[in-house]
Amino acid sequence: MSTLPTLPDCGEPATVRIELYTTDSLDGCVYTCEAHAAPAVAAFGGAGLAAYPTCLEPGVSRPCGHVYVYPTGTLADDPDHPRWCDRDGCRLRGQHRSRTRRTDPDQPAALGVGLVRALHPTGEPMVSLRGAEAGLLLSIGQARVLRYRLARLLDLAAASRRA
C-alpha cells in the first residue's frame with residue numbers, strides 16, 4: 001500500500017467515512033470520529049489526495065482511524081497484479097482479467113469486452129471480445145486500430161443518415 005498520513009487512533013466508534021480519490025478514481029476509505037474528520041481530510045489533502053467526508057452507512061461499525069484501500073486502486077501496492085485485474089482466480093486461470101464490460105444492456109450476453117494478460121512477466125495485455133458463441137483476442141495495437149476504424153465507420157454511417 002502507498003504511504004498514507006498517520007491518523008489519530010482514539011478508539012472511538014467512527015461516525016464519518018472519508019472517501020479518498022486519486023485521478024478521479026475512488027481508491028480508499030477512512031473512518032473517523034467527528035473530532036478527527038477535519039484533521040484527517042487536511043492530512044490527506046496535504047498528501048495530494050482528494051478526500052471527501054460522507055455519512056457512515058447504517059449498520060457499519062468501524063473504529064476511528066480504520067483505513068480500507070481498494071485492491072484495484074492506485075493506492076494499492078500489488079506488483080503481482082496489474083491495476084485493472086479483477087484479482088479473481090488469476091493463478092488458476094493462468095492469466096489476469098479485467099471485469100467484463102457488457103456492450104448492450106438490453107442483451108447482456110451479446111458482447112463482453114475486457115483486458116487479459118498472461119501471468120508470465122513479459123505477457124502483454126490484450127483486449128478480449130467475447131460473444132455468446134465465440135471470442136477474439138486482440139493486441140493493444142490491433143484494438144487501437146479497430147477503435148479508430150470503427151469510429152470512422154460510425155461517422156460515415158451518421159453522415160449517410162443525415163444526407
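Going by the structure above, here's the rest.
Computed from a predicted structure; not experimentally measured.

Caption draft 1: Quick look at the packing of aromatic side chains. In the structure shown here, the tally under the stated rule is one aromatic pair. A centroid spacing of 5.6 Å and a plane angle of 75° characterise the contact between Tyr21 and Tyr52, whose relative ring orientation is edge-to-face. Placement of Tyr21 in strand β1 (residues 16-22) and of Tyr52 in strand β3 (residues 50-55) is noted, with a sequence separation of 31 residues between them. Assessed through its relative accessible area of 23%, Tyr21 is described here as partly exposed.

Caption draft 2: View of helix α1 (residues 34-46). Along α1, the residues that are buried comprise His36, Ala37, Ala40 and Phe44. In a view along the axis of α1, the buried residues occupy a sector of 115°, so they form one face of it. The exposed set on the far side of α1, more than 90 degrees from its buried face, consists of Ala35, Ala38, Ala42 and Gly46. Packed against the buried residues of α1 are β1, β2 (25-32) and β3. Where α1 ends, the next residue or the one after it, Gly48, has phi of about 85°, a positive value.

Caption draft 3: Summary view of the sheet that holds β1. If you trace the four strands from one edge of the open sheet to the other, you get β3-β1-β2-β4, paired in antiparallel fashion. Edge strands, defined here as strands with exactly one partner in the open sheet, are β3 and β4 (66-69). Between one strand axis and the next, the sheet turns by 25° as a mean value, whatever way the strands run. When β2 meets β4, the two strands line up antiparallel, connected through four bridges. Following the sheet pairing, Cys29 is matched in β4 by Tyr68. The sheet strands contacting α1 are β1, β2 and β3, and the helix crosses β1 at an angle near 10°.

Caption draft 4: Up close: a nonpolar patch on the surface. Together, Leu146, Leu150, Leu153 and Leu156 line one region of the surface with nonpolar side chains, adding up to about 350 Å² of accessible area. Here Leu146 shows up in helix α3 (residues 140-162).

Caption draft 5: Region of interest: the nonpolar core. Leu4, Ile18, Leu20, Val30, Phe44 and Leu75 are the most contacted members of the largest nonpolar core, which has 13 residues in total. For this core, the elements supplying multiple residues, two or more each, are β1 and α1. Non-local contacts of Leu4, meaning those with residues more than four positions away in its chain, are made with Phe44, Leu49, Val67, Val69 and Leu75.

Reading the values: the criteria
Residues numbered from 1 in each chain as written. Predicted model: local features only at pLDDT ≥ 70, side-chain atom pairs only at ≥ 80, totals over all residues. Heavy atoms only, no water. Phe/Tyr/Trp six-rings, centres within 6.5 Å; stacked < 30°, edge-to-face > 60°. Helix = DSSP H or I, 4+ residues; strand = E, 2+ residues; numbered from the N terminus. Buried < 20%, exposed > 50% of the residue type's maximum accessible area, 1.4 Å probe, protein only. Arc of directions from axis to C-beta. Contact = heavy atoms within 4.5 Å. Pairing = 2+ DSSP bridges. Axes fitted to C-alpha atoms, helices over the stretch in contact; angles between N-to-C directions. Patch = residues over 30% accessible without salt bridge, like charges linked within 9 Å, V, L, I, M, F, W, Y side chains within 5 Å. Areas by Shrake-Rupley, 256 points an atom, 1.4 Å probe, with all protein chains shown as cover. Salt bridge = Lys/Arg side-chain N within 4 Å of Asp/Glu carboxyl O. Core = buried A, V, L, I, M, F, W, Y, C linked by side-chain atoms within 4.5 Å.

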